[in-house]
Amino acid sequence: MSNAKIAGVGMVKFSKPGQHQPYSLMVKHAVETALTDASINFTDIQQAYASYIYGDSTSGQNALYTVGMTGIPVINVNNNCSSGSTALFLARQAVASGAVECALAFGFEEMQRGALSSHWTDRESPFDSMLQQLDVIAPEAPAGPLALRMFGSAGTAYIDRYAANPDIFAKVAVKSRKHAVQNPFSLFNNELSVEEVMSAPSIYEPYLTRLMACPPTCGAAAVIVCSEAFARRHGIKASVEIAGQAMATDLANSWDNPMDLIGAQMTRKAANEAYQESGIGIDDVDLVELHDCFTPNEVITYEALGMCGEGQAEQLINDAENTYGGRFVVNPSGGLMSKGHPIGATGLAQCTELVWHLRGQAGTRQVPNAKIALQHNLGLGGAAVVTIYKAC
């Protein structure tokens, strides 16, 4: 196994449902941007992984054919909200193992307005067992759409367990939106106050408001991964490498409490494996793009990644250790909360943001002297992918 290099990245600005191009055109733009960034041709790509969850089978091929038809393997990936990082995981694995020298991971989504829901009502849902378990471990949890119930209950459990002030969920939203002001790829660019977030319409009692949830969005992103030898032969300035990466799924006791039910234990497992593989610890990390589909998940993930001790997220937030000037800059892009969350593209957009920072190409939001970056992407049902990038 050898460390895979990031040869090129690209993404489109995400849009609200109804304001987007067809997914094939979004993919064409993202992939061609990544190819230009890498200074290679599409014919140099040996394998491709397409991530999406709302679309027919072989939509990946249909999208990629707008760029070219070269006969390469195209593998379609559906791993819920971690689909983009799963595609990257597979592309990196193919390159690092020596199976290929250059692979493409691309993701896209055309989402609908409103809360996420299943498109299959005539068969068992992968979430049936999880929701039944939620009824057991959080019997007082209000009814509601799946994602709201899961993440809302986890937020309530965190506040109850650690006697934290619920305003930490609002403070995270304020921080993320402040970062987004500097990001031209962010869907929302207006700052917020804690008071605005707390007084926004409630979407799940007792703590979640509308401004603590990411919006459904449409978009595409692409990442090209290559070997060091390939980069040398093609004159690619591959100044960022994947130093460590791990994916974890649920363990036997992951459903014992609401916080682990939404991925905290998976995250801890994936993070520890990525730290071990890379030889890089959390204290070495300069910036983080993590999966903040709801702000309670960002709070819980701080601890799962080891950014602070158990029950210490409130102090980390109040001490501004999660923003510029602190120990970590978390979601300099503005995160899913501000940039949007087109599910298949999300993980690859996170990678794109981190690569820009490690190259020194992030403009006015650039994290100073960024050398090490961490990405966290989560999918209920479930999978957590943690990736560590290093400037080289």
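Details of the structure are given in the entry above.
Given the structure is predicted, the values throughout are model-derived calculations rather than measurements. (Residues numbered from 1 in each chain as written. Predicted model: local features only at pLDDT ≥ 70, side-chain atom pairs only at ≥ 80, totals over all residues. Heavy atoms only, no water.)

**Section: the overall build of the chain**
Which entries qualify depends on this criterion: The numbering of helices and of strands both runs from the N terminus, where a helix is a DSSP run of H or I of at least 4 residues and a strand a run of E of at least 2. We compute the radius of gyration from the C-alpha atoms alone; for a globule the expected value is 2.2 Å times N to the 0.38, where N is the number of residues. Categorising residues by exposure relies on relative accessible area from a 1.4 Å probe, with only protein chains included: less than 20% of the type maximum marks a residue as buried, more than 50% marks it as exposed, and the intermediate range marks it as partly exposed. Only the protein chains shown count as cover for residues, and the accessible areas themselves come from Shrake-Rupley with a 1.4 Å probe.
Along the backbone of the chain there are 14 helices and twelve strands. The globule rule puts the C-alpha radius of gyration for 392 residues at 21 Å, and the 20 Å found for the chain is close to it. On the principal axes, the C-alpha backbone points of the chain span a range of 60 × 50 × 40 Å. Per-residue burial over the chain gives 60% buried out of 392 residues. Surface accessibility of the chain: about 15000 Å² in total, with carbon and sulfur atoms responsible for 48%.

**A look at the packing of helix α4 (residues 128–137) against helix α5 (residues 146–162)**
Worth spelling out the cut-off: Here, axes are lines fitted to C-alpha atoms. For helices the fit covers the stretch in contact, and angles between N-to-C directions go from 0 to 180 degrees. In what follows, roughly perpendicular refers to angles from 65 to 115 degrees, roughly parallel to angles under 35, roughly antiparallel to angles over 145, and oblique to any angle outside these ranges. Here is the rule for handedness: rotate from the far helix to the near one, and if that takes an anticlockwise turn smaller than a right angle the crossing is left-handed, while a clockwise turn gives right-handed. Contacts are assigned to residue pairs with any non-hydrogen atoms lying within 4.5 Å of each other. Each residue is assigned to one of three groups, with Ala, Val, Leu, Ile, Met, Phe, Trp, Tyr, Cys and Pro labelled nonpolar, Asp, Glu, Lys and Arg labelled charged, and all others, Gly among them, labelled polar.
Between α4 and α5, the least distance of the axes is 11 Å, while the angle of their chain directions is 40 degrees. Classified by the interaxial angle, the pair formed by α4 and α5 is oblique. The handedness of the crossing between α4 and α5 is left-handed. Residues M130, L131, L134 and D135 of α4 form the contact with α5, whose participating residues are L146, R149, M150 and S153. When grouped by side-chain class, the residues that make up the contact of α4 with α5 number five nonpolar, one polar and two charged.

**Quick word on unusual backbone geometry**
Residue P206 is reached from E205 by a cis peptide bond, and omega for that bond is 5 degrees. Position of P206 relative to the elements: it lies in the loop between β5 (202–204) and β6 (208–209). In this structure, the amide linkage connecting G381 to the following residue, G382, adopts the cis form with an omega of 10 degrees. Mapping G382 onto the fold places it in the loop between β11 (372–379) and β12 (383–391).

Worth remembering: the numbers are spatial, not functional.
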